[in-house]
Amino acid sequence: MNSWIEHAHYLADEIFAPQADAVDRGGEIPASHFDLLAEFGFYGATMADDMDIATFTQAGEILVAGCLTTTFVWAQHLGVARRIATSPNLELRERLTEDLRHGRVRAGVSYAGANDQPGLIARRVDGGYVLDGAAPFVTGWGLVDILGVMARDADDEGSLISVLVPAEPGPTVHATPLPLIAADASKTVTLTFDGVQVPDSAVDNRISLRSFNASLILAAWRNGAIALGIVRRCLGELTRLGIDTTASAAEAARIRTELDDALTGQSDVYLARARASELAVRVATALVTAVGSGAVTRGNLAERSVREATFTLVFGSRPAIRTALLDRLTRAADTVYP
């Protein structure tokens, strides 16, 4: 077996899953979870030569099946690490790439400037930029060291300024905690930036909004692992309970194929992503049904899986995903499931 998959199984089965309910109830992720992800190289996954797309998605799904919350925080790091490793800012690249690869520096992310109504603006000043506005969802506050932030260029609405800022409160950065129905221990907050100074040395790139929007296909593909990881977990539990999961497992495999095919333009990534979340909701509710009355008490795997499946309906969503989900979830059953 591929060593990435072996390590993912070990972390998910032996470390994450046994503590997942406690993480959910207590609101804290053990620091050892992230240390082990670093030890096994997962912080450098998007920079690893031996990490192909099949391995990446399978490992991601396995880790989610073990603990969505831990995996959700870790996943924020990956795009930032890859972006710094390929940044035209050579000094920044040389200074941080290896620390990001090995998890010695851990990153969160905000794309607030890329929204249709950008919430975060970068204004050019001597020697750098000043950030003003708000990032509505920032995950890992207090758990990460830096934030990779996309802000809209005040002088060019078609461009984004990609910068790194310290992930710490201060007189110009204010955090408001957001209570989540699932993955609450991810420490997700709304950040308000009030004149945050960013030197040119912390600017990793200028990106056209058109280019960023094209990259959302890759983001939707990656996020599919979140929903399919919950599917993987629920199907495993249903099988253990003696429920025939053949049809659902086959559907999950088809969705994974569609997600992967989308990277080469052979399928619609947003429709596949919607189908993944829809399937997660269905198999999670099937698990509640199979478990019975015990599943309606707070703090068990079935109940948690339903909340986490619901979370995937809106996490990382785009208008096309939302439209596809609403279409499928509001149609008659005989048209959705022929």
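Residues numbered from 1 in each chain as written. Predicted model: local features only at pLDDT ≥ 70, side-chain atom pairs only at ≥ 80, totals over all residues. Heavy atoms only, no water.

Visitor: Looking at this structure, I do not really get the overall build of the chain. What am I missing?
Guide: What the chain contains, in helices and strands, is eleven helices and eight strands. Relative to the globule expectation of 20 Å for 338 residues, the C-alpha radius of gyration of the chain, 20 Å, shows essentially globular dimensions. The principal-axis extents of the C-alpha atoms in the chain amount to approximately 65 × 40 × 40 Å. Sequence separation of at least 24 residues holds for 74% of the intrachain contacts in the chain that already meet a minimum separation of 6. Total accessible area on the chain is roughly 14,900 Å²; 54% of this is exposed by carbon and sulfur atoms. Of the charged side chains in the chain, 30 are positive and 41 negative, and the gap between their average positions amounts to 3 Å. (Helix = DSSP H or I, 4+ residues; strand = E, 2+ residues; numbered from the N terminus. Rg over C-alpha atoms; globule rule 2.2 N^0.38 Å. Contact = heavy atoms within 4.5 Å. Areas by Shrake-Rupley, 256 points an atom, 1.4 Å probe, with all protein chains shown as cover. Lys, Arg positive; Asp, Glu negative; His and termini not counted. Charge placed at Lys NZ, Arg CZ, Asp CG, Glu CD.)

Visitor: I'm lost on the packing of helix H4 (residues 68-85) against helix H5 (residues 90-101) in this one. Help?
Guide: How two helices sit against one another is set out by the angle between their axes and by the gap between those axes. Orientation of H4 relative to H5, taken along the N-to-C sense of each, is 145°, at an axis distance of 8 Å. Note on packing geometry: the crossing formed by H4 with H5 is left-handed. Listed contacts from H5 to His-77, Ala-81, Ile-84 and Ala-85 of H4 are Leu-92, Arg-93, Leu-96, Thr-97 and Leu-100. Broken down by class, the residue content of the contact of H4 with H5 amounts to six nonpolar, two polar and one charged. (Axes fitted to C-alpha atoms, helices over the stretch in contact; angles between N-to-C directions. Left-handed = near helix turned anticlockwise from the far one by under 90°. Nonpolar A, V, L, I, M, F, W, Y, C, P; charged D, E, K, R; others polar.)

Visitor: Where do I start with empty space enclosed by the protein in this structure?
Guide: In this approach the atoms are scanned with a rolling probe the size of a water molecule, which exposes any empty space left behind. If you walk through the whole model with that rule in mind, you get one cavity of 30 Å³ or more. In this structure, the largest cavity occupies an estimated 30 Å³ of space. Every residue along the wall of the largest cavity is listed here: Tyr-43, Val-73, Trp-74, His-77, Arg-106, Ala-107, Leu-143 and Val-144. Broken down by element, the residue count for the lining of the largest cavity peaks at three residues, all from H4. Looking at the lining of the largest cavity residue by residue, the class counts come to six nonpolar, one polar and one charged. (1 Å grid on protein atoms, 1.4 Å probe; cavity = no way out; pocket = protein on both sides within 12 Å on 5 of 7 lines; lining within 4 Å. Points joined across faces, edges and corners; volume = space filled by probe spheres on them.)

Visitor: Help me understand the pairing of strand S2 (residues 120-125) in this model?
Guide: Successive residues of a regular strand alternate their side chains across the two faces of the sheet. Taken together, the six bridges between S2 and strand S3 (residues 128-138) define a ladder with antiparallel strand orientation. When the bridges of S3 are listed, Val-125 appears paired with Gly-128. The hairpin turn running from S2 into S3, its antiparallel successor, is two residues long, and Gly-127 in that turn takes a positive phi close to 80°. Relative to strand S4 (residues 146-153), S2 runs parallel, the two sharing two bridges. Considered in S4, the bridge of Ile-121 is made with Arg-152. (Pairing = 2+ DSSP bridges.)

Visitor: What is the right way to read unusual backbone geometry from this model?
Guide: Backbone phi values are negative for most residues with the exception of glycine, while trans is the configuration of most peptide bonds. Phi at Ala-183 takes a positive value of approximately 60°, unusual for a residue other than glycine. Under the relative-accessibility criterion, Ala-183 is labelled buried at 0%. Phi is positive for Lys-187, close to 55°, though the residue is something other than glycine. Following the sequence through the fold, Lys-187 ends up in the loop between strand S6 (173-177) and strand S7 (189-199). (Buried < 20%, exposed > 50% of the residue type's maximum accessible area, 1.4 Å probe, protein only.)

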